[in-house]
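# Structure assessment
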Amino acid sequence: MNIAVIGAGVVGAATSLAIKEAFPVSRVTVFADAFSPQTTGDGSAGLWTPYLLGSTPAEDVLRWSGETYRWMLSIWKSESAGDAGVSLIPITRVTSDARGVPEQAWISTVFGSRRMSLGDLRRLNEEQAAEYTSGWQFITFTAEPTRLIPWILAKFKSLGGNIVKRKILKLDELVDESFDLLVNCTGLGARDLIGDATMQPVRGQVSRVEASWAFHVFLVEDEAGNYVIPNVESVVLGGTHQENDYDCRIREEDEKFIHEGCCKLLPALRECNIIKRWVGLRPGRPRVRLETESREAENGKKFTVIHNYGHGGSGVTLCWGCALDVVRILHGLKTEKNLSKL
Ligand SMILES: Cc1cc2nc3c(=O)[nH]c(=O)nc-3n(C[C@H](O)[C@H](O)[C@H](O)COP(=O)(O)OP(=O)(O)OC[C@H]3O[C@@H](n4cnc5c(N)ncnc54)[C@H](O)[C@@H]3O)c2cc1C
């Protein structure tokens, strides 16, 4: 079986590795026109927490995020944690919304989850001159994509996977080159490649500062909320989520919103040097697309494509669980089509 995975962001990388691990004798080639550190996840903090997923069904979010959480845990326990950029970290996630933070099904996945007491919220509100109505605290992971993606792709290569830098203009190209099955992990690129008009960029601007003393994630889950996420060498301050906005330039007004908002959360940040500012476009979609499609090339040849894209603000959080679903689909196709060589 000759499989082409298009895309080498965190989703494409994870998917390629999961396929190669599950089907060691298959030929798997990753095609991408951009690699780490130029993919969407590379500027992000890589925090495990479901975010900006539209109406993706809760049971899918629970399964994908849960499998990714357990995968991160296994990496964290191994000798690879440093190379893969995986760290364990406590998080406080609050809102000022009068309806409170909804109790999400995925909260059952994480270690040490607890709803904040009214007393804790009162203390926090006094400290930050805020009006939080509810909050959750738990233990999560950061899996820093600038380390995670190269680590995954190195593992993929060591298992015999192929990597090719190339822009794919039409899926038919790969069908003509004798690939039996295509896996589409192109993120926002799916808009052009397969004409998915529901794909929409969700612009995010963040800053990085030097603050080695910070070791706790603080996230305000409001329409215009800020967040502080420590990584190994710097701390990510965020952030914006502007829908249908393709502008990749740094905006001073966003920088002001980020800096002032985060300094309100943690006043000691005022003393810190900004070492990087960055804008990325999240692959927004009404819901994540993970499904099989049968297509016909211009030459009449029928082929199958498995789509795995549109992960919004949660590509890192869902990457391994989604990759395992692609593997499950492949197992199903293997039985259905009697693909004995897969
Ligand atoms: C500011 C910001 C902060 C974020 N923070 C977090 C976070 O803390 N936690 C989290 O889980 N998520 C976070 N995200 C979201 C996360 O970064 C994305 O969901 C994730 O990176 C999407 O990964 P992807 O592999 O689907 O897409 P991309 O990383 O965009 O990769 C797409 C790949 O497809 C390739 N490609 C596309 N079209 C073609 C083509 N025609 N031919 C060849 N190759 C093609 C590209 O070259 C690239 O390799 C954040 C995003 C932003 C912007």
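Per an unreviewed UniProt entry, the protein chain goes by D-aspartate oxidase and derives from Neodiprion lecontei. Heading Cofactor (unreviewed entry) of the UniProt record for the protein chain holds this comment: "FAD". The UniProt entry for the protein chain carries the following text under Sequence similarities (unreviewed entry): "Belongs to the DAMOX/DASOX family."

Another point: the overall build of the protein chain. Each helix and strand in the protein chain was counted, giving nine helices and 15 strands. The C-alpha atoms of the protein chain give 20 Å as radius of gyration, which agrees with the globular expectation for 342 residues (20 Å, within 12%). Projecting the C-alpha coordinates of the protein chain onto the three principal axes gives extents of approximately 65 × 40 × 35 Å. For the protein chain, the proportion of its 342 residues judged to be buried stands at 57%. Here the contacts in the protein chain between residues at least 6 apart in sequence split such that 77% fall between residues at least 24 apart. Charged side chains in the protein chain number 39 positive and 42 negative. The centres of these two groups are separated by 4 Å.

Okay, the site of the ligand next. Asp33, Ala34, Thr40, Gly312 and Thr317 are the nearest of the 35 residues found near the ligand. A distance of 2.5 Å separates an oxygen atom of the ligand from a polar side-chain atom of threonine 40. One nitrogen or oxygen atom from the main chain of isoleucine 168 is found 2.8 Å from a nitrogen atom belonging to the ligand. Computed on the free molecule, the ligand has an accessible area of 1,000 Å², of which 94% lies beneath the protein chains in the complex. Those elements giving two or more residues to the shell around the ligand turn out to be helix 1 (10-22), strand 8 (200-209), strand 13 (274-284) and helix 9 (315-337). For the shell around the ligand, the leading source of residues is strand 13, giving four residues. Taken together, the residues of the shell around the ligand sort by class into 13 nonpolar, 18 polar and four charged.

UniProt's feature table lists "binding site: FAD" (unreviewed entry) at Ala45, Gly46, Leu47, Thr186, Gly312, Gly313, Ser314, Gly315, Val316 and Thr317, given in the numbering used throughout. For glycine 312, the location among the structural elements is in the loop between strand 15 (302-309) and helix 9. Dropping the residues within four chain positions of it, glycine 312 is found in contact with Leu52, Arg282, Pro283 and Gly284. Looking at the secondary structure, you find glycine 315 in helix 9. The exposure class of glycine 315 is buried, given its relative accessible area of 15%.

Our next topic: the side chain of glutamine 128. By the element assignment, glutamine 128 lies in helix 4 (residues 118-128). Once residues within four sequence positions are removed from consideration, glutamine 128 is found in contact with Phe218, Lys264 and Leu265.

This part takes up the sheet that holds strand 1 (residues 2-6). Spatial strand order, 6-2-1-7-15-14: six strands in an open sheet with mixed pairing. At either margin of the open sheet sits one strand with a lone partner, and together these are strand 6 (162-165) and strand 14 (289-296). Across the sheet, the mean angle from the axis of one strand to that of its neighbour is 20 degrees, orientation sign disregarded. Relative to strand 7 (residues 181-184), strand 1 is paired through four bridges, and the arrangement is parallel. Bridged to isoleucine 6 within strand 7 is asparagine 184. In the packing of helix 5 (residues 145-158) onto the sheet, the strands contacted are strand 2 (27-32) and strand 6, and the crossing angle to strand 6 comes to about 125 degrees.

This paragraph deals with helix 1. Here helix 1 contains 13 residues, and its C-alpha end-to-end distance of 18 Å stays within 8% of the 18 Å for a straight helix at 1.5 Å per residue. The buried count for helix 1 comes to eleven of 13 residues, which makes it a mostly enclosed element. All of the buried residues in helix 1 are Val10, Val11, Gly12, Ala13, Ala14, Thr15, Ser16, Leu17, Ala18, Ile19 and Lys20.

Conventions and cut-offs
- Residues numbered from 1 in each chain as written.
- Predicted model: local features only at pLDDT ≥ 70, side-chain atom pairs only at ≥ 80, totals over all residues.
- Heavy atoms only, no water.
- UniProt positions renumbered as here; feature names shortened; annotations may be inferred.
- Helix = DSSP H or I, 4+ residues; strand = E, 2+ residues; numbered from the N terminus.
- Rg over C-alpha atoms; globule rule 2.2 N^0.38 Å.
- Buried < 20%, exposed > 50% of the residue type's maximum accessible area, 1.4 Å probe, protein only.
- Contact = heavy atoms within 4.5 Å.
- Lys, Arg positive; Asp, Glu negative; His and termini not counted.
- Charge placed at Lys NZ, Arg CZ, Asp CG, Glu CD.
- Near = heavy atom within 4 Å.
- Polar contact = N/O pair within 3.5 Å; in protein donor to acceptor, adjacent residues only side chain to side chain.
- Areas by Shrake-Rupley, 256 points an atom, 1.4 Å probe, with all protein chains shown as cover.
- Nonpolar A, V, L, I, M, F, W, Y, C, P; charged D, E, K, R; others polar.
- Pairing = 2+ DSSP bridges.
- Axes fitted to C-alpha atoms, helices over the stretch in contact; angles between N-to-C directions.
- Expected span 1.5 Å × (residues − 1).

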